[in-house]
Amino acid sequence: MSLAMSVAAREAFLAGAHVAVLGVGTPDGTPLLVPVWYAYRPGGEVVVLTGRESVKARLVRASGRLGLCVQREAAPYRYVSVEGPVVAFEDRVDAAERSALAHRYLPPQTARAYLAATAGQLTTDVTVRMRPERWRTADFTSFAAAFS
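Quick caveat, the model's predicted, so the values are computed rather than measured.

Each value, and the rule that gives it
Residues numbered from 1 in each chain as written. Predicted model: local features only at pLDDT ≥ 70, side-chain atom pairs only at ≥ 80, totals over all residues. Heavy atoms only, no water. Helix = DSSP H or I, 4+ residues; strand = E, 2+ residues; numbered from the N terminus. 1 Å grid on protein atoms, 1.4 Å probe; cavity = no way out; pocket = protein on both sides within 12 Å on 5 of 7 lines; lining within 4 Å. Points joined across faces, edges and corners; volume = space filled by probe spheres on them. Nonpolar A, V, L, I, M, F, W, Y, C, P; charged D, E, K, R; others polar. Axes fitted to C-alpha atoms, helices over the stretch in contact; angles between N-to-C directions. Parallel < 35°, antiparallel > 145°, perpendicular 65-115°, else oblique. Left-handed = near helix turned anticlockwise from the far one by under 90°. Contact = heavy atoms within 4.5 Å.

Let's shift gears to unusual backbone geometry. In this structure, the amide linkage connecting Ala75 to the following residue, Pro76, adopts the cis form with an omega of -5 degrees. Mapped onto the secondary structure, Pro76 falls in the loop between β4 (65-72) and β5 (78-90).

Rendered as structure tokens:
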């Protein structure tokens, strides 16, 4: 029994609103792993906004690659891990893209308050775009059903 997701299933899962764990290598070879908000549309690029001077931004810029892992934390468990090259490291953040990201993760009123309170990030953050290249997935739905 294969636990791997189909292309359509993995892309739909990644497109869902999950907090991702971003991974990027450090100069000593250990990974930096940090939770991030992200955006993704099936067939597109993964988008992450982060502080221009953050450790993760510096490491992503230096390595030119990053990985993300998202999961369903309740049974039946599922995960998608994706890794690929950074195809754009933009020294700016689009206000509409930032607003969409906040509304993806927060209720409307909270998102509006968050955006107002952190408006300065439009000038202190960068936009990172990664093209998914390597995928690892598992969906334990059918496996779990066998024991129900």
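On to the layout of surface pockets. In this structure, the largest pocket spans a volume of roughly 270 Å³. Lining of the largest pocket is provided by Ala39, Tyr40, Arg41, Glu45, Val47, Glu97, Ala100, Leu101, Arg104 and Arg129. Of the residues contributing to the lining of the largest pocket, the split by class is five nonpolar, no polar and five charged. For the second largest pocket, the full set of lining residues is Val36, Trp37, Leu49, Thr50, Lys56, Arg98, Leu101, Ala102, Tyr114, Gln121 and Asp125. Where the lining of the second largest pocket is concerned, the elements lending two or more residues are β3 (46-51) and α3 (95-105). At three residues, the largest contribution of residues to the lining of the second largest pocket is made by α3.

Moving on to empty space enclosed by the protein. Tallying each qualifying case throughout the model produces one cavity of 30 Å³ or more. If you add up the space inside the largest cavity, you get close to 30 Å³. Together, Leu22, Val48, Thr50, Lys56, Ala57, Val60, Leu66 and Val128 line the largest cavity. Elements with a minimum of two residues in the lining of the largest cavity: β3 and α2 (55-63). Looking at the lining of the largest cavity element by element, the count peaks at three residues for α2. When the residues that make up the lining of the largest cavity are grouped by side-chain class, the tally is six nonpolar, one polar and one charged.

Running from N to C, α3 and helix α4 (residues 108-117) point in directions that differ by 140 degrees, and their axes come no closer than 8 Å. The angle between α3 and α4 places the two elements in the oblique class. Of the two elements, α3 crosses α4, and the hand of that crossing is right-handed. Residues Arg98, Ser99, Ala102 and His103 of α3 form the contact with α4, whose own contacting residues are Pro108, Ala111, Arg112, Tyr114 and Leu115. Split by residue class, the contact of α3 with α4 holds five nonpolar, two polar and two charged.

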